[in-house]
Amino acid sequence: MAEKPQPVQVLYCGVCGLPAEYCEFGPDFEKCKPWLIQNAPDLYPDLLKGAGAGDADKVSDQLQSTSISSDAGSSKPKEEVKRLPGGKIKKKEKQEVIIEKVTRNKRKCITTVKGLDLFGIKLNDASKKLGKKFATGASVVKGPTEKEQIDVQGDIAYDIVEFITDTWPDVPESAIFFIEDGKKVSAS
Amino acid sequence: MFKKFSSEEVSAQNQVKASVQRKIRQSIAEEYPGLEPVLEDLLPKKSPLIVAKCPNHLNLVLVNNVPLFFNIRDGPYMPTLRLLHQYPNIMKKLQVDRGAIKFVLAGANIMCPGLTSPGGALDDEVEAETPVAIMAEGKQHALAIGFTKMSAKDIRTINKGIGVDNMHYLNDGLWKMERLE
Ligand SMILES: [Zn+2]
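Residues numbered from 1 in each chain as written. Chains lettered and ligands numbered in written order. Predicted model: local features only at pLDDT ≥ 70, side-chain atom pairs only at ≥ 80, totals over all residues. Heavy atoms only, no water.

A. Region of the structure containing the overall build of chain A. Per the secondary structure count, chain A includes 5 helices and 8 strands. Reading chain A from its N end, one meets helices and strands in the order α-α-α-β-β-β-β-α-β-β-α-β-β. Taking all contacts inside chain A whose residues are at least 6 apart in sequence as the whole, residues at least 24 apart take part in 40%. In the form shown here, chain A has an accessible surface area of approximately 11200 Å², with 50% of it arising from carbon and sulfur atoms. (Helix = DSSP H or I, 4+ residues; strand = E, 2+ residues; numbered from the N terminus. Contact = heavy atoms within 4.5 Å. Areas by Shrake-Rupley, 256 points an atom, 1.4 Å probe, with all protein chains shown as cover.)

Now the structure itself:
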């Protein structure tokens with residue numbers, strides 16, 4: 001504690017003045033690009049790839065799809081997600097419900113449920129039912145790929161399968177999967 | 001708060017009395033114990049401390065014309081982003097997901113879901129009414145200084161509405177004011 005911390009040197013963009021990593025969100029990413037290629041090639045590797053002068057949206061979309069979320073990072077199912085020009089996601093995934101326990105800190109965890117919507121189930125409605133059944137908080141949240149999922153407070157992973165198949169007979173047990181230690185395990 | 005801020009908003013700049021200077025220094029030292037070893041470099045006892053009064057009860061603390069801290073009324077002092085970037089560990093951190101970045105940089109307050117989604121992160125020790133650094137998914141440096149409206153635990157469970165007020169963000173008026181002459 002007594003040691004003197006050295007000030008961190010932040011690389012600020014020579015064009016817009018923001019930390020270089022935020023140029024993509026800055027007032028004019030296009031203008032920053034030549035400076036970034038010169039001074040911060042590691043931050044925006046896509047700029048170096050040939051079409052560097054292309055449009056900013058394209059580049060930021062690429063960045064988006066390569067950015068890894070810190071929390072559930074390792075365990076996301078690899079699905080083919082194609083981005084349409086409007087930023088919408090083209091769904092190509094199978095009808096599956098994916099259940100994952102995410103530890104938020106040492107003792108607390110939430111159980112995330114993804115994919116109920118693919119069976120035509122309203123997520124708001126499902127979230128209410130889950131919250132009621134397990135007497136806990138449940139909410140619909142946007143997942144990392146902009147897909148909605150339900151977060152349920154607490155570890156309910158093992159009772160939830162029966163509840164889902166009882167409540168929504170359209171969802172077969174064979175379509176429900178757990179993510180355990182980064183592996184996808186069938187619930188049936 | 002600093003969305004349309006410029007030097008024209010500063011109504012008075014005064015060198016404060018030694019006793020006031022001591023008090024400001026002490027509050028900052030208490031709020032940011034991590035700064036203690038460099039406090040003498042940042043706010044030298046011998047250099048004059050300037051407090052600039054701005055509208056909405058906002059005060060800026062300057063040394064050698066550089067804004068270092070700000071506060072509202074008698075509220076806690078918060079570092080400017082340029083200062084925080086140099087000493088990133090002096091504040092507790094909350095992280096927004098990538099989707100929230102552009103809203104934060106437009107000055108929007110921080111909504112709970114942007115902090116509770118998988119790209120976000122919460123430090124459970126953060127209480128309500130606390131200055132925090134706002135970090136972003138995939139980014140190394142802070143993009144805003146926030147003041148929590150609810151505790152991190154409430155942000156997680158309520159998960160609705162504004163969780164953190166956006167006090168100061170990259171490219172706002174205070175960010176652009178590197179020096180105040
Ligand atoms: Zn830039």
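Still more ground to cover, so stick around.
B. Structural detail: the sheet that holds strand β4 (residues 66-72) of chain B. Residue and element names in this part refer to chain B. Strand order in the open sheet formed by 5 strands is β1-β2-β3-β4-β5, and the pairing between neighbours is antiparallel. Where the open sheet ends on each side, the last strands, each with one partner, are β1 (12-15) and β5 (78-79). As paired elements, β1 and strand β2 (residues 50-54) share 4 bridges and run antiparallel to each other. Bridge pairing in β2 places A12 opposite K53. (Pairing = 2+ DSSP bridges.)

C. Representation of helix α1 (residues 18-31) of chain B. All names here are of chain B. For α1, spanning 14 residues, the distance from its first C-alpha to its last is 20 Å, which sits close to the expected 20 Å at 1.5 Å a residue. Burial in α1 covers these residues: Q21, I24, R25 and I28. For α1, the angular spread of buried residues about the axis comes to 95°, placing them on one side. In α1, the exposed positions that point more than 90 degrees away from the buried face belong to R22, K23 and E30. (Expected span 1.5 Å × (residues − 1). Buried < 20%, exposed > 50% of the residue type's maximum accessible area, 1.4 Å probe, protein only. Arc of directions from axis to C-beta.)

D. Structural context of the side chain of D151(A). Position of D151(A) relative to the elements: it lies in strand β6 (residues 148-153). Among the polar contacts made by the side chain of D151(A), one reaches the side chain of Q149(A) at a distance of 2.9 Å. (Polar contact = N/O pair within 3.5 Å; in protein donor to acceptor, adjacent residues only side chain to side chain.)

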